[in-house]
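Residue-level listing of the chains:
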Amino acid sequence: MVEAVLIDVFSLPPSLQSNIQGLLRNTLETIEKCSSIPAPFVYVMCRQRQGSEMDGEEESLLPSLSDFQSLKKRVEVVHSLTTAAALYTIKQRLDEKDLSIIKVILPTLRKDLMKVYIDHLFTAVYQFEFEDLQVASDCENLQIAEPRGEGQALPTQDVALIRSEIQMYLESLPSLKGDLTILRSSLIPDDIFLHGFTTRMGGISYIPTLSSCNLFSSSKRRDPQVVVKENLRRLANAAGFNPETFHRVKIDHANAVCVMGKTEPDCYDGIVTNQKGVTIAAPGADCIPVLFADPVRKACGAAHSGWKGTLLGVSMATVNAMVSEYGCNVKDILVVLGPSVGPCCYKLPHESAKEFHRIDPTCVRQFDSASPYIDIRRATRILLESGGILPENIQDDSVMDQNQNITFCTACHPDKFYSHFRDGNNFGTQIGFISIKD
């Protein structure tokens, strides 16, 4: 069932300009006549003229709603200077109402162009149907939808212009939830390495559980890749690295490690490099983003360590890659565990808890319960120390930075961090990043 209808009159061809009122009236009549209860929300997307008064323009554009009893409180006119701005505003309205099945009624000539905008600004969470504005005049026509993805592809230069328009618009948006904040550890020498752990502040992601500096996009979440890319651009500007030479792990919740400069595995939870100016990163939204730095050999690494990766030894796998690839001495490697879910909040089924109990009984609290509390940070520290990392070269919640704590519990601090455990499936992601300075 269609949950929302988008009527695109942003750039009508001359043949339709003179009858815009009639087109809208006919389309709204059809929507009302054919809609189930409740009626869909309707958004009319149109161009804002430079210097025009919004209220007056809306009044002249939108037909009287007195004849559309079921729709009159569900119709909104969205004026913007660009298609990107108008469509992004409508996306916000859809997300506020958790709507995902959308019919787009638009001129035939706009269809392929609109699909490019939608491909960039939306994810697979949403379902789109397309219909010709000129034939949206009866129930039969309203139900005929063209599957997304058909039609001729736009020329490459037109797609590039659309991407540029979207990027310029996103760059113009104000940051949300305050200034971008980066946590740094005093354990890692800042004369050799650039590093940090992000918080949730300072980006443009607006969905509550993703707001505001979300740094991961997937087909199951509502934040598109272009928004994540803009958040990353802002982070790069604040931190001082090049977003074009940024590489993050491709999560598999296992222990594979990618060596920069060699063949990249399909999936990996650790990454290492000795190349200057290359920034590597690991995400976390309860899982631990772990950073590794060897100031002697000037090499670094990053790992994503969830409960499965912790048990599989992803942190020591990353250390071993630095030793084998760059000749690092394990006693020189510094390790910092970033914001992650603490034993105060994190539970696992008893069968999984047994594996942590085997590492050390102190990694499990209330072991006899059905869902014991798990300390994945302590387990990581124990495994690192067992592998030869010096205790004083590990920073976690048991070794506090005198100037600034790093290993906060993500679930306990909703104002600072994202948490899958706390927020559910549409959660945001922060990262730990590191690079070797030029």
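What counts and how
Residues numbered from 1 in each chain as written. Predicted model: local features only at pLDDT ≥ 70, side-chain atom pairs only at ≥ 80, totals over all residues. Heavy atoms only, no water. Helix = DSSP H or I, 4+ residues; strand = E, 2+ residues; numbered from the N terminus. Buried < 20%, exposed > 50% of the residue type's maximum accessible area, 1.4 Å probe, protein only. Contact = heavy atoms within 4.5 Å. Areas by Shrake-Rupley, 256 points an atom, 1.4 Å probe, with all protein chains shown as cover. Pairing = 2+ DSSP bridges. 1 Å grid on protein atoms, 1.4 Å probe; cavity = no way out; pocket = protein on both sides within 12 Å on 5 of 7 lines; lining within 4 Å. Points joined across faces, edges and corners; volume = space filled by probe spheres on them. Nonpolar A, V, L, I, M, F, W, Y, C, P; charged D, E, K, R; others polar. Axes fitted to C-alpha atoms, helices over the stretch in contact; angles between N-to-C directions. Phe/Tyr/Trp six-rings, centres within 6.5 Å; stacked < 30°, edge-to-face > 60°. Lys NZ or Arg CZ within 6 Å of the ring centre and 35° of its normal.

Draft legend 1. How the structure looks around the overall build of the protein. Helix and strand counts for the protein come out as 13 helices and 19 strands. Sorting the 438 residues of the protein into buried and exposed places 53% on the buried side. Pairs at least 24 apart in sequence give 70% of the contacts found in the protein among residues at least 6 apart. For the protein, the accessible surface area stands at approximately 19100 Å², while carbon and sulfur atoms represent 50% of it.

Draft legend 2. Spotlight on the sheet that holds strand β12 (residues 279–284). Spatially, β7-β8-β19-β12-β9 is the arrangement adopted by the 5 strands of the open sheet, whose pairing is mixed. Each edge of the open sheet is held by one strand with a lone partner, namely β7 (182–183) and β9 (246–248). One ladder, built from 5 bridges, connects β12 with strand β19 (residues 430–436); its direction is antiparallel. In the sheet register, Ala-282 faces β19, and the bridge partner there is Gly-432.

Draft legend 3. Representation of empty space enclosed by the protein. Evaluated as defined, the whole model comprises 1 cavity of 30 Å³ or more. Roughly 50 Å³ of internal volume is contained in the largest cavity. Lining the largest cavity are Ser-305, Gly-309, Thr-310, Gly-313, Val-314, Ser-315, Met-316, Thr-380, Leu-383 and Leu-384. Where the lining of the largest cavity is concerned, the elements lending two or more residues are α9 (307–312), α10 (314–326) and α12 (376–386). Across the lining of the largest cavity, the residue classes tally to 4 nonpolar, 6 polar and no charged.

Draft legend 4. Quick peek at the sheet that holds strand β15 (residues 334–337). Strand order in the open sheet formed by 6 strands is β10-β11-β14-β13-β15-β18, and the pairing between neighbours is mixed. Unpaired on one side and paired on the other, β10 (257–259) and β18 (394–395) mark the two borders of the sheet. Both β15 and β18 contribute to a ladder of 2 bridges, which runs parallel. Paired with Val-336 across the bridge in β18 is Gln-395. Seen against the sheet, α10 touches β10, β11 (270–273), β13 (288–294) and β14 (299–305) and runs at an angle of roughly 160 degrees to β14.

Draft legend 5. Highlighting the packing of aromatic side chains. As enumerated under the stated definition, the model contains 9 aromatic pairs in all. For the ring pair Phe-241 and Phe-246, a centre distance of 5.8 Å and an interplane angle of 15 degrees mean the geometry is stacked. The burial state of Phe-241 is the same as that of Phe-246; both residues are buried. Stacked on the ring of Phe-130, the Lys or Arg Lys-115 has its end atom at 5.2 Å from the ring centre. The aromatic ring of Phe-427 is capped on one face by Arg-221, whose charged end is 3.8 Å from the ring centroid.

Treat this as a map of the structure, not an account of what it does.
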